[in-house]
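Listed here are the chains, written in short residue letters.
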Amino acid sequence: MNAIGDVERRTCSGQVEKPDTDGRVLPELIRDPQLSDRLRFGPKAVPTAVPLADFGYDSMRPGGKPALGNFQVLTVLVNYDGHPPLSRSASWYSTLVGRLGGTPPFTPDNPGSLLEYFAENSQHRFRPLRWKVVGPIRLAAPSAADLGDASGRGHRIVTEAVRQNALNLDELDLDADGDVGPDELLVITVENIPNFGPANRAVNEITTATGRKVRLLCAFLGEGNSFTLFAHEVAHSLGALDLYGWPQGKSAQLTMMSTSVGGTQANQVACHLDPWHKLVLGWSEPRVFTDASRGHVVLPGVNKPDAPIIIHRPGRPLEFYLLEFRANRSDLQIGYESWVPGAGVAIWHVDTTAPGAARLQASRDPRYSEYAVMHVGAPNGQHGASTLWGAGAWHGLGWRDSFASCGVQVMEVSENRAVIKLGDPYPPMSGGGRAPEPR
């Protein structure tokens, strides 16, 4: 009964039925989406006040500094003698590297932009101060030793680009500390070597005419490499780690740091980084819940800084789950998710107690054949599967040293969000009751 004695009845669609002056019942739409969600899905789960630093927030810092806007990008195009020259122009590579405001869908004639990709992933926190494409510079054909020594080859390419284009590396010392490091300058090379295998390596130290030391990381790429390979190698310069899994290919369509699309630049599909990388790069602030939290949680799209959530056991921050909503999209709001397999909830298991977790590398021990960061795929919780969890799905969140202590039920999946319910560690049963606890 309301304040003046009229009886109110709520419908399952989130409406209030109020009697008018003649006694008739008229529906009035509740316009508050949170109230509507509470009527449909029950109480809302309440986040806890746990510092994100406990889970590694902002701990991945290239050159010891945050991966924000204090970067410059130098791209060097290289034509080696004895090989067909690069077929794409410097203008095309300028678009690939630095265009902002591109319109999806992306194609070879309308390529995606690396700077735009990282701006979208970082909530526009990573937008380099300036960028430049030089070349193609001409170099003698590399020897077998050159091809096997990326660090030395990178030194040769950068020094020759400086000479041929009158570049002043001293000007790139943004913090005026007497050297230029990977926290100030990202380098990309595009070489005309057939069947080139991309890589990211440190470049042998360069000394400028004024004595300034230049220490760089370089993303080595070839003209035949796809957009995802470009983005993958550039992400390594920010500190991002390979999440291939063992064998390779796990979590492939849900993080740029797993297996990337090979082939030519005709492949312009892409997907975002996983939420763990965004967390440790300081690009998102997940809401934090414990395994005892109960109630519904709304997961918005990846273009929101608090889109993911963390679920952990109190006092044990070394192992936790990250949940997020993902959807195949390529539009003006989210342009770089065209590789995502459909729409649904992604469940990521982060276990830094796993063997090899100090470097988050895969173990070849068959008992521990998983990375410390791995997607848990539908429908059976397979580590490494790229399948998302759809409406009606349920999964129990288990731990390395114990059974599941929390269950996640997907209540709704729409174009722009998902709604999940945190509950007991056993699946719901039709007609009421509960299933036995999983073992």
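As shown above, the structure is provided for reference.
The rules behind each value
- Residues numbered from 1 in each chain as written.
- Predicted model: local features only at pLDDT ≥ 70, side-chain atom pairs only at ≥ 80, totals over all residues.
- Heavy atoms only, no water.
- Axes fitted to C-alpha atoms, helices over the stretch in contact; angles between N-to-C directions.
- Helix = DSSP H or I, 4+ residues; strand = E, 2+ residues; numbered from the N terminus.
- Left-handed = near helix turned anticlockwise from the far one by under 90°.
- Contact = heavy atoms within 4.5 Å.
- Nonpolar A, V, L, I, M, F, W, Y, C, P; charged D, E, K, R; others polar.
- Buried < 20%, exposed > 50% of the residue type's maximum accessible area, 1.4 Å probe, protein only.
- Pairing = 2+ DSSP bridges.
- Polar contact = N/O pair within 3.5 Å; in protein donor to acceptor, adjacent residues only side chain to side chain.
- Phe/Tyr/Trp six-rings, centres within 6.5 Å; stacked < 30°, edge-to-face > 60°.

S.K.: Which residues make up the packing of helix α3 (residues 114-121) against helix α6 (residues 227-237), and what are the values?
M.R.: Orientation of α3 relative to α6, taken along the N-to-C sense of each, is 65°, at an axis distance of 10 Å. With respect to the hand of their crossing, α3 and α6 are arranged in right-handed fashion. For the pair α3 and α6, the contacting residues are Leu 114, Tyr 117 and Phe 118 in the first and Phe 227, Phe 230, Ala 231, Val 234 and Ala 235 in the second. In the contact of α3 with α6, the residues fall into eight nonpolar, no polar and no charged.

S.K.: Quick one: what's the story with the pairing of strand β7 (residues 185-191), residue by residue and with numbers?
M.R.: Burial runs high along β7: seven of the seven residues are buried. Burial along β7 is two-sided: the residues Leu 185, Val 187, Thr 189 and Glu 191 and Leu 186, Ile 188 and Val 190 are all buried. In terms of strand pairing, strand β4 (residues 72-80) meets β7 through seven bridges, oriented parallel. Across the sheet, the residue bridging to Val 73 is Leu 186, located in β7.

S.K.: Would you mind going over the sheet that holds strand β16 (residues 382-383) in detail, with residue names and values included?
M.R.: Each strand in a sheet pairs with another by means of backbone hydrogen bonds, the pair being arranged parallel or else antiparallel. Spatial ordering of the open sheet is given by β10-β12-β13-β14-β15-β16, a layout of six strands whose pairing is mixed. Of all strands in the sheet, those bounded by a partner on one side alone are β10 (287-290) and β16. Sheet topology places strand β13 (residues 316-327) next to strand β14 (residues 343-351); nine bridges connect them, and they run antiparallel. Residue pairing across strands places Arg 326 opposite Gly 344, the latter belonging to β14.

S.K.: Could you give an account of α3, naming the residues involved and the relevant values?
M.R.: When you tally the buried positions in α3, you get eight out of eight residues, the bulk of the element. Along α3, the positions that sit buried rather than exposed are Leu 114, Leu 115, Glu 116, Tyr 117, Phe 118, Ala 119, Glu 120 and Asn 121. Among the structural elements, β4, α2 (90-98), β5 (130-139), β7, α6 and α7 (275-280) are those in contact with the buried residues of α3. For α3, the side-chain oxygen to backbone nitrogen distance between the N-cap and Leu 115 is 3.4 Å, and the N-cap itself is Ser 113. Just beyond α3, the residue with positive phi is Gln 123, at close to 60°.

S.K.: Hey, could you go over the pairing of strand β19 (residues 417-423) for me, with residue numbers and the actual values?
M.R.: Burial runs high along β19: six of the seven residues are buried. Here six bridges tie strand β11 (residues 295-300) to β19, and the two strands are oriented antiparallel to one another. Within the sheet, the bridge partner assigned to Leu 299 lies in β19 and is Ala 418. Bridge analysis of strand β18 (residues 402-413) against β19 gives six bridges, and the strand direction is antiparallel. Following the sheet pairing, Gln 409 is matched in β19 by Lys 421. In this antiparallel pair of consecutive strands, β18 and β19, the connection spans three residues.

S.K.: Any chance you could break down the packing of aromatic side chains for me, citing the residues and the numbers?
M.R.: The geometry of an aromatic ring pair is captured by the separation of the ring centres together with the interplanar angle, meaning the angle of the planes. Under the definition given, this model contains 11 aromatic pairs. Between the aromatic rings of Tyr 117 and Phe 118, the centroid separation amounts to 5.0 Å while the plane-to-plane angle is 85°, which identifies the pairing as edge-to-face. Given a relative accessible area of 0%, Tyr 117 falls into the buried group. Ring centres of Tyr 117 and Phe 227 lie 6.0 Å apart, and the angle between their planes is 80°; on these two criteria the pair is classed as edge-to-face. Placement of the pair is Tyr 117 in helix α3 and Phe 227 in helix α6, with a sequence separation of 110 residues. Each member of the pair, Tyr 117 as well as Phe 227, carries the same accessibility label: buried. One aromatic cluster is present, formed by Phe 71, Phe 106, Tyr 117, Phe 118, Phe 126, Phe 227, Trp 283 and Tyr 336 through successive ring pairs.

S.K.: Give a description of the sheet that holds β19 that names residues and reports values.
M.R.: Across the sheet, four strands lie side by side as β11-β19-β18-β17; this open sheet has antiparallel pairing. Edge positions in the sheet fall to β11 and β17 (394-399), since each has one partner strand and no second. In this sheet, adjacent strand axes meet at a mean angle of 30° when their direction is disregarded.

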